[in-house]
Every structure is written in C-alpha cells, then in structure tokens.
Amino acid sequence: MNELNNLKPINEWFKKLDSRPIIISGPCSAESEEQVLNTARQLKEIDQVKIFRAGIWKPRTRPNTFEGRGDDALHWLNQVKLETGLLTTVEVASPKHVEMCLRHNVDILWIGARTTSNPFSIQELASALQGMNVPVMIKNPLNPDINLWIGALERINKAGISKLAAIHRGFYPFEQTSLRNIPKWEIPIELKSRFHNLPMICDPSHIAGDRRYIQQISQKALDLNMDGLMIESHCNPEEALSDMEQQLIPSELNTILNSLICRLSIK
Ligand code: PEP
Ligand code: MN
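**A short note on the overall build of the protein chain**
Thought 1: For the protein chain, the count of helices and strands is ten helices and eight strands.
Thought 2: At 17 Å, the protein chain has a C-alpha radius of gyration in line with the 18 Å of a compact globule built from 267 residues.
Thought 3: With respect to the principal axes defined by its C-alpha atoms, the protein chain has extents near 45 × 40 × 40 Å.
Thought 4: Put simply, the protein chain has 267 residues, and 55% of those count as buried.
Thought 5: Across the protein chain, the fraction of contacts at a sequence separation of at least 24, relative to all contacts at a separation of at least 6, is 74%.
Thought 6: Accessible area for the protein chain stands at about 11,900 Å²; split by element, carbon and sulfur atoms hold 48% of it.
Thought 7: Once the 30 positive and 31 negative side-chain charges of the protein chain are each reduced to a mean point, those two points are 4 Å apart.

Structure, rendered in structure tokens:
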C-alpha cells in the first residue's frame, strides 16, 4: 500500500526553486560565523545553488569529536538568508532541534541517516512537526532497508507534512570499499517507482567520502532523473572539523556543476 498523501513538488515549496535539478550546498558543519558567511557568499555567486545546508548539531560516531556549534549557529544561518537570499536547511534529530529551527526561520529541515534508522526518534519528530508547514527531507537509513526509509516518510507525512523529499546518501558498507557508502541505486529507484511524486535528492558527498568521486556520482544521479543534489562545500576544506576529504571549495563545485549533463531536465 502506497501511503504518502498530498505530496508537493519541490518547485512549489518556494518561488525561488524554479529550476531542476535543485542544488543544495554548504558545509558539513557550521564551524564559525566567518566560515559560514564566507562559504555562503561564494556559493551565492553560483547561479544553480538555491539552498544553503549546514549541520549545527552533528551526530558523530565517536565522542570527543566536533559535535557542532549548536544554537548559536542559527543566527549565522539567518545572516546567510538576509545577505545572500539563499534558502537554508539544517539537520534535526530531536523535537528541540525542530523548535529551534522553526523559531529561527530555517526554511527546510532534513533528517539524517542515523535518525531515520530509529522509528522512536522519527515518531518524536513527527509529533513536533504536527501542523507545521515546513518542508522536510529524509535521508535513507544507514542500512539498506527500504521499508525503514518508507516508514520514516510515512510517519512525517502523517503529521501533515506535504512538502516532503527523500535524500539518497548511500548505505553503510561492511567491507572496505572505495566509496564511503554503497550507493545501491536500485533502492532509490524502487522508492521513486513506488512514490512517483516523491522528490528524490542525491547526496554524492556522503556516498563518495572523497571529493574526487563527486562528479561521477552526481552525473549518475542526474542520469537516473533525480530531482536534485546536496553537495558539501567549505571555504577551506583542509581545516574542516568534519568530513574534510569530501568537501569542495565553491569554485570546484561550480566546475562540477557546469560539467554535468542534465539530459532529462525540465524547467
Ligand atoms: C551530513 O549531512 O553532514 C550528515 C551527517 O549526513 P548523514 O546523515 O547522511 O550521515
Ligand atoms: Mn557531512
């Protein structure tokens, strides 16, 4: 049974999102006001980039690593909106995150892979989102379980969220592979075939784990007619506090975007 109701295409979420594919970019983590604004100012110069991403509360695998700047960074993102006109998106993993993001006018929320893996967390987020009109993007769970992904989409949709998208970020590989996460393209393809109206965004950065592979993974996603790309960028990746190897400087991102062939693009 296919149960996602009243889904709205991304170009109806905001007026600014009038082109396909939708390009989302920004740092893995918001690290400082300077890093956030410096990155955003450079991204603003790239026409295709419409949405600025940044993690504020970071779900790190091990303790004693950088866990994000927390609430303070919400002010920096507001500054990004005011200065560049880019829309903003932040990862939320708890009702408190949802409340803080909505209070500080974050435009779009996304749910990370670790959170999607836990139906209790998703249900708590669904309760916090009840009756809110905010767009939500849901990453696939860490393990290649399509039903867990669908379940998260259904729970959030049942809370009344109709501006809903899926983000494909690949699946945890048990063996050593050249990519950080295995794409298993058949899973997003199946999701798309079951929910024709569900926008599908690809996150080549977390699939690749290495900036050298981002172009080819992005092209593959476009060849599969995905609706957008979420690609991490940083004004100085060498000093990034998380996901250093996969972040691009904005000029590299621009080169990659210009090289992509969007065969099925519909304006
Ligand atoms: C991220 O987008 O920086 C992130 C933590 O991603 P994921 O949930 O896909 O691991
Ligand atoms: Mn990251």
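**A word on the packing of aromatic side chains**
For any two aromatic rings, the description comes down to two numbers: the centre-to-centre distance and the angle of the planes.
Thought 1: Tallying each qualifying case throughout the model produces one aromatic pair.
Thought 2: Between the aromatic rings of Y172 and F174, the centroid separation amounts to 5.5 Å while the plane-to-plane angle is 90 degrees, which identifies the pairing as edge-to-face.
Thought 3: The class of F174 is exposed, set by a relative accessible area of 71%.

**As for helix α10 (residues 250-259)**
Thought 1: Every buried residue of α10 is listed here: P250, L253, I256 and L257. Here the buried residues of α10 occupy an arc of 115 degrees about the axis, which is enough to place them on one side. Exposed side chains of α10 directed beyond 90 degrees from the buried face belong to T255 and N258.
Thought 2: If you follow the buried residues of α10, they end up packed against β1 (22-26), α1 (33-44), β2 (49-53), α9 (214-223) and β8 (228-232).

**Quick look at the packing of helix α6 (residues 146-158) against helix α7 (residues 186-194)**
Thought 1: Remark: α6 packs on α7, axes separated minimally by 11 Å, with the N-to-C direction vectors making an angle of 45 degrees. On the basis of their axis angle, the class for α6 and α7 is oblique. Like other packed secondary-structure pairs, α6 and α7 cross with a definite hand, here right-handed. For the pair α6 and α7, the contacting residues are I146, N147, W149, I150 and L153 in the first and I187, P188, E190, L191 and R194 in the second.
Thought 2: Here the contact of α6 with α7 is composed, by residue class, of seven nonpolar, one polar and two charged.

**Quick notes on the coordination of the manganese ion (ligand 2)**
Thought 1: Coordination of the manganese ion (ligand 2) by the protein is provided by C28 (SG), H206 (NE2), E232 (OE) and D243 (OD), with metal-donor distances spanning 2.1 to 2.4 Å.
Thought 2: Look at where the donors of the manganese ion (ligand 2) fall in the sequence and you get C-x177-H-x25-E-x10-D. With H206 in helix α8 (residues 204-208) and D243 in the loop between β8 and α10, this residue pair connects regions lying 37 residues apart in the sequence.
Thought 3: With relative accessibility at 18%, the residue D243 sits in the buried group.

**Some points on the pattern of salt bridges**
Thought 1: Evaluation of the coordinates by the stated rule reveals 13 salt bridges.
Thought 2: A salt bridge links D71 to K96; the shortest N-O distance between them is 3.3 Å. Taken together, the residues D71 in the loop between β2 and α2 (72-84) and K96 in helix α3 (residues 95-103) connect sequence positions 25 residues apart.
Thought 3: Among the residues examined, K96 registers a relative accessible area of 41% and is labelled partly exposed.
Thought 4: Each of R20, K192 and D227 takes part in salt bridges that share partners, so that together they form one network.

**Notes on the site of ligand 1**
Thought 1: Taken together, C28, R53, K58, E91, W110, G112, A113, R114, K139, R169, H206 and E232 make up the full set of residues near ligand 1.
Thought 2: Within the side chain of K58, one N or O atom sits 2.9 Å away from an oxygen atom of ligand 1.
Thought 3: Separating an oxygen atom of ligand 1 from a side-chain N or O atom of K139 is a distance of 2.8 Å.
Thought 4: Coverage of ligand 1 by the protein amounts to 96% of the 300 Å² it exposes when considered alone.
Thought 5: For ligand 1, the cavity whose grid points lie within 2 Å of the majority of its atoms is the largest pocket.

**Here we look at the nonpolar core**
Thought 1: Ranked by size, the top nonpolar core spans 67 residues in total, and within it F52, V136, I138, I156, L164 and L191 carry the most contacts.
Thought 2: Counting residues per element, this core draws most heavily on α6, which supplies six residues.
Thought 3: Once residues lying within four places of it in the same chain are set aside, the contact partners of L164 are L4, L7, W13, V136, I138, L153, I156, N157, L198 and P199.
Thought 4: If you look at the next biggest cluster of nonpolar residues, it comprises 14 residues, including I22, I108, W110 and M230.

Thresholds, definitions, all that
- Residues numbered from 1 in each chain as written.
- Chains lettered and ligands numbered in written order.
- Predicted model: local features only at pLDDT ≥ 70, side-chain atom pairs only at ≥ 80, totals over all residues.
- Heavy atoms only, no water.
- Helix = DSSP H or I, 4+ residues; strand = E, 2+ residues; numbered from the N terminus.
- Rg over C-alpha atoms; globule rule 2.2 N^0.38 Å.
- Buried < 20%, exposed > 50% of the residue type's maximum accessible area, 1.4 Å probe, protein only.
- Contact = heavy atoms within 4.5 Å.
- Areas by Shrake-Rupley, 256 points an atom, 1.4 Å probe, with all protein chains shown as cover.
- Lys, Arg positive; Asp, Glu negative; His and termini not counted.
- Charge placed at Lys NZ, Arg CZ, Asp CG, Glu CD.
- Phe/Tyr/Trp six-rings, centres within 6.5 Å; stacked < 30°, edge-to-face > 60°.
- Arc of directions from axis to C-beta.
- Axes fitted to C-alpha atoms, helices over the stretch in contact; angles between N-to-C directions.
- Parallel < 35°, antiparallel > 145°, perpendicular 65-115°, else oblique.
- Left-handed = near helix turned anticlockwise from the far one by under 90°.
- Nonpolar A, V, L, I, M, F, W, Y, C, P; charged D, E, K, R; others polar.
- Donors = N, O, S within 2.8 Å, 3.2 Å for Na, K, Ca; no water.
- Salt bridge = Lys/Arg side-chain N within 4 Å of Asp/Glu carboxyl O.
- Near = heavy atom within 4 Å.
- Polar contact = N/O pair within 3.5 Å; in protein donor to acceptor, adjacent residues only side chain to side chain.
- 1 Å grid on protein atoms, 1.4 Å probe; cavity = no way out; pocket = protein on both sides within 12 Å on 5 of 7 lines; lining within 4 Å.
- Sits in = over half its atoms within 2 Å of the grid points.
- Core = buried A, V, L, I, M, F, W, Y, C linked by side-chain atoms within 4.5 Å.

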